[in-house]
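Below, each chain spelled out in residue letters.
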Amino acid sequence: MPASEACLDLKKKGNEAIGKKDFEAAIEAYSLALKEECGEERHKILTNRANARLKLSNKFKTKSNWTKYMDTLKKVIDDANESIKACDGTWWKAYQCIGLVKSRMFAIEEATKAFERAIGLVEDMGESKKTQQYVRLLKKNMSDMKSKKEVIVRYVSDLSKVLVLPQNDLASLPRLEYFDYVFGILCKIDGCREKWPKGTERKIVRELNSMIRIYNTTDGKKFLSKDMVKQIEVLRGLAKEQKIPSMKLLIEDPQFGFPVDMRPQGFPGGPQ
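Residues numbered from 1 in each chain as written. Predicted model: local features only at pLDDT ≥ 70, side-chain atom pairs only at ≥ 80, totals over all residues. Heavy atoms only, no water.

Looking now at the packing of helix H5 (residues 92-104) against helix H6 (residues 108-123). The N-to-C vectors of H5 and H6 enclose an angle of 160°; their axes lie 8 Å apart at closest approach. With respect to each other, H5 and H6 are oriented roughly antiparallel. For the crossing formed where H5 meets H6, the hand is left-handed. Together, Trp-92, Tyr-95, Gln-96, Ile-98, Gly-99, Leu-100, Lys-102 and Ser-103 of H5 and Glu-110, Ala-111, Ala-114, Phe-115, Arg-117, Ala-118, Leu-121 and Val-122 of H6 make up the contact between the two elements. Classifying every residue of the contact of H5 with H6 gives 10 nonpolar, three polar and three charged. (Axes fitted to C-alpha atoms, helices over the stretch in contact; angles between N-to-C directions. Helix = DSSP H or I, 4+ residues; strand = E, 2+ residues; numbered from the N terminus. Parallel < 35°, antiparallel > 145°, perpendicular 65-115°, else oblique. Left-handed = near helix turned anticlockwise from the far one by under 90°. Contact = heavy atoms within 4.5 Å. Nonpolar A, V, L, I, M, F, W, Y, C, P; charged D, E, K, R; others polar.)

This is the structure we're talking about:
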């Protein structure tokens, strides 16, 4: 069934708002559109709203508003699941939405299944430059997610080897200098690194602090993956035992490690 003119007009307004990065206006327009007769456009409008919510969530993350951040991500999942029902599981972007949210929470298995399902649906669309672009994007989403986990597991493992740090006034160090300082000590311990990476790995380790904030201030323990909770609990244990004095700063200072936007590359080609 074709969508009504009112629905299409509101969808267009939502798409225009996305283009202007006015994600709240986009969500409002898509929500109004969904109250109209959407017909065959319903599943696309739902994933468009999910995409807008996913991007809006970064605003709350930057402000360390973790409860709102988690609530917004849950709404992304709700929209994606509703989209799947609306199209009998044939819309690949609904699965991509789920994969992107699950990857943020380091739920590797669930995210991988969602991305693989999305890739299968894209490949069923036939060979074209556009479908090849979508497949590359989804594979990159998976690769980014897996590299995050590898970096964090290695970082936590390395920190667990550090028994006592020199008696420095760590609280006085700027945040980025703190990372340089800790990494320098790790270099001396394992002898296998020359310098702290300036790119992705630095961001991923800082992202770990975002996960700690979520764990500490929301019901994130239920939402984070078991793997991520395990890593955080290792860090908390180290801090509690005071084996690593600097970890006390990392765990207890709510402003420490101001989060970096580590979202995977988003939807190709904008809203549908």
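Right, let's talk about the packing of aromatic side chains for a bit. One pass over the structure, following the stated rule, counts three aromatic pairs. If you follow Lys-44 out to its NZ or CZ, it ends over the ring of Trp-91, 5.6 Å from the centre. The positively charged end of Lys-148 is found above the aromatic ring belonging to Phe-106, 5.7 Å away from the centroid. (Phe/Tyr/Trp six-rings, centres within 6.5 Å; stacked < 30°, edge-to-face > 60°. Lys NZ or Arg CZ within 6 Å of the ring centre and 35° of its normal.)

Moving on: the confidence of the model for the protein chain. Counting all residues, the mean pLDDT for the protein chain is 78, and 69% of those residues have values of 70 or more. Mean pLDDT across the elements of the protein chain ranges from a minimum in helix H12 (residues 245-252), with 49, to a maximum in helix H2 (residues 23-33), with 97. (pLDDT = per-residue confidence, 0-100.)

With 21 residues, helix H3 (residues 42-62) should reach 30 Å at 1.5 Å per residue; the first-to-last C-alpha distance of 31 Å fits that figure. Of the residues one or two after H3, Ser-64 is the one with positive phi, at around 60°. (Expected span 1.5 Å × (residues − 1).)

Once that is clear, we can look at the nonpolar core. With 67 residues, the main nonpolar core has Met-105, Leu-208 and Leu-224 as its most contacted residues. Here the element with the most residues in this core is helix H7 (residues 129-159); it accounts for nine residues. Apart from the residues within four sequence positions on either side, Leu-224 is in contact with Met-105, Met-211, Ile-214, Tyr-215, Val-229 and Ile-232. (Core = buried A, V, L, I, M, F, W, Y, C linked by side-chain atoms within 4.5 Å. Buried < 20%, exposed > 50% of the residue type's maximum accessible area, 1.4 Å probe, protein only.)

This part takes up helix H4 (residues 66-86). The terminal C-alpha atoms of H4 lie 30 Å apart, and with 21 residues this matches the ideal 30 Å at 1.5 Å per residue to within 8%. Burial in H4 covers these residues: Trp-66, Tyr-69, Met-70, Thr-72, Leu-73, Val-76, Ile-77, Asp-79, Ala-80, Ser-83 and Ile-84. Two residues or fewer past H4, Asp-88 is found with a positive phi of approximately 55°.

For Val-122, the position within the fold is in helix H6. The exposure class of Val-122 is buried, given its relative accessible area of 0%. Taking C-alpha positions, Val-122 is 9.4 Å from Thr-90, a pair spaced 32 residues apart along the chain.

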